[in-house]
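Below are the chains, spelled out letter by letter.
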Amino acid sequence: MFPIEVNGISDTPWANYESLNQIIKNCENTDDCPPEEVKAVIEDIIARMHNEGMVKESREFIQTLLNMSSESVILDYLLAVNKDISKYASALDTITEEQNEGDEQGEEELFYNAMGLSTVCAEEYPFLNITALVDDNSQGWSASTQLAVNGMFHMGFDAASCKAWDVASANDIETQAVTSDLPVLILNGLQDPQTPAAWGTLVAKNMPNAQSVTNPQGGHGQLFSGLSCFDTMAANFLANPNKTLETSCVSDIAELSYEASDQEESANFTFKGDDSSADTVYMNGVIGSDTLKVMQKLFSDYPQVKTIVMQNVPGSMDDEINLLASTELRNHGINTHIPADGMVASGGTDMFLAGVKRTVEAGARLGVHSWSDGSGTAALDYPRDHQEHVKYLDYYRVMGIPADFYWYTLEAASAENIHWMTTQEITQYGILAE
């Protein structure tokens, strides 16, 4: 939520303090992460940067923290910069290279910046410092931190940019809160570094019939994020806007913590509407070391299951288990399907290919890439008859997928990137099977 009674330029520091505070709260939820020490490290890094005349750089450091505020690697980043403040950018580059999924969004981002400037410069720039917020939200942060944060602007949307962009001012109604008795559903993300959840609460104050729900792990946007909990609530609200929503599924979402990334939760399988008699289950998450056992129990407990809808399966943490689990899926005659808003990649794509019938809706993303052995040796560095290749070629042969597809995946993108298959490529390699 972005309340129009909040100023999108001069209130950026308020939002940034809110996100910094949330980083400390996330640390409180994490074992072996003393919140006061983490806060002191952040403040010390900023102070040291200022002593070296790196005020601008300190703002880039803070923005990096905000951007990764919901990711466990934030602790690794802090350790690297605390050791050497000159690495405030290079440490980020290293982490980005390790996590990059290869999404090409350059043109879209350029378009968004133009749209954003046109909106913000018309609706916010003419009304700087006019806000419904009661203070600057900087309580408890050091003077050097405040010096840095108070000079920050979201995505460069600042007074200088607006002066150059030169668009006409909107009507001053843009400073007045929206009030309404209509039923409204407000969905917030507690980890949102752009429009903090507190802003949703501010909007709800002027809407007596609003229902406000916050995802403790949510970022910037809850709908279409792959969480059936929020999709279901939205659908129920639209069906009956005046009825109080059942929000118990939100309490099942754990508070965010910075536990080690290798403890990422493995894929889960759920029935729509908890109807365990259905013949379709929905899969979300990374394929892990326990996925084979989970899948075996699923097929044993619910033998009527015929289709797995793969909503968000970005890869696997255990390739050996992935091939075994995928073979188990084929042996049970299971169909696989990717919905229009679905995303399947890497090891997830291998599992999708195990489906007896394989279908993909328009808009779904299916990603492939090469692999490396962890020592810096890439797949194509091995001879073509090497056993590391053979195990995948044997798997694809069993699944009825041509060997050419395997070699194509190794060339389509490096191990650090993802190539999203085109419709033509999906057809060319026989990915679908009706």
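Refer to the structure printed above.
So, here's what we can say about the structure. (Residues numbered from 1 in each chain as written. Predicted model: local features only at pLDDT ≥ 70, side-chain atom pairs only at ≥ 80, totals over all residues. Heavy atoms only, no water.)

### Concerning helix H4 (residues 73-83)
- The complete set of buried residues in H4 reads Val73, Ile74, Tyr77, Leu78 and Val81. Looking down the long axis of H4, one finds its buried residues gathered within 145° of arc, a one-sided arrangement. Turned more than 90 degrees from where H4 packs its buried face, Leu79 and Lys83 sit exposed. (Buried < 20%, exposed > 50% of the residue type's maximum accessible area, 1.4 Å probe, protein only. Helix = DSSP H or I, 4+ residues; strand = E, 2+ residues; numbered from the N terminus. Arc of directions from axis to C-beta.)

### Let's talk about the state of the cysteines
- One pass over the full model with this rule turns up three disulfides.
- Linked covalently through their sulfurs, Cys27 and Cys33 form a disulfide whose S-S length is 2.0 Å. Its S-S torsion of approximately -115° makes the covalent link between Cys27 and Cys33 left-handed. For the pair Cys27 and Cys33, a shared accessibility class is recorded, and that class is buried.
- Each sulfur in the disulfide pair Cys121 and Cys162 lies 2.1 Å from the other. What sets the handedness of the Cys121 and Cys162 disulfide is the S-S torsion sign, and at about -80° it is left-handed. With Cys121 in helix H6 (residues 106-123) and Cys162 in helix H8 (residues 159-165), this pair connects stretches of sequence that are 41 residues apart.
- Counting only the cysteines that take part in disulfides, in the order they occur along the chain, gives the pairing 1-2, 3-4, 5-6. (Disulfide = S-S within 2.5 Å.)

### Notes on the pairing of strand E5 (residues 307-313)
- The buried fraction of E5 is high, at five of seven residues.
- Traced from strand E4 (residues 280-284) through helix H12 (residues 291-301) to E5, the parallel crossover comes out right-handed.
- Sheet topology note: the E5/strand E6 (residues 335-338) ladder contains three bridges and is parallel. Directly across from Ile308, in E6, lies its bridge partner Thr336.
- Taken together, E5, helix H13 (residues 319-331) and E6 form a β-α-β motif whose crossover is right-handed.
- Examined bridge by bridge, E5 and strand E7 (residues 343-345) share two bridges and lie parallel to one another. Bridging from a neighbouring strand, Asn312 pairs with Met343 of E7. (Right-handed = clockwise from strand over helix to strand, strands pointing away. Pairing = 2+ DSSP bridges.)

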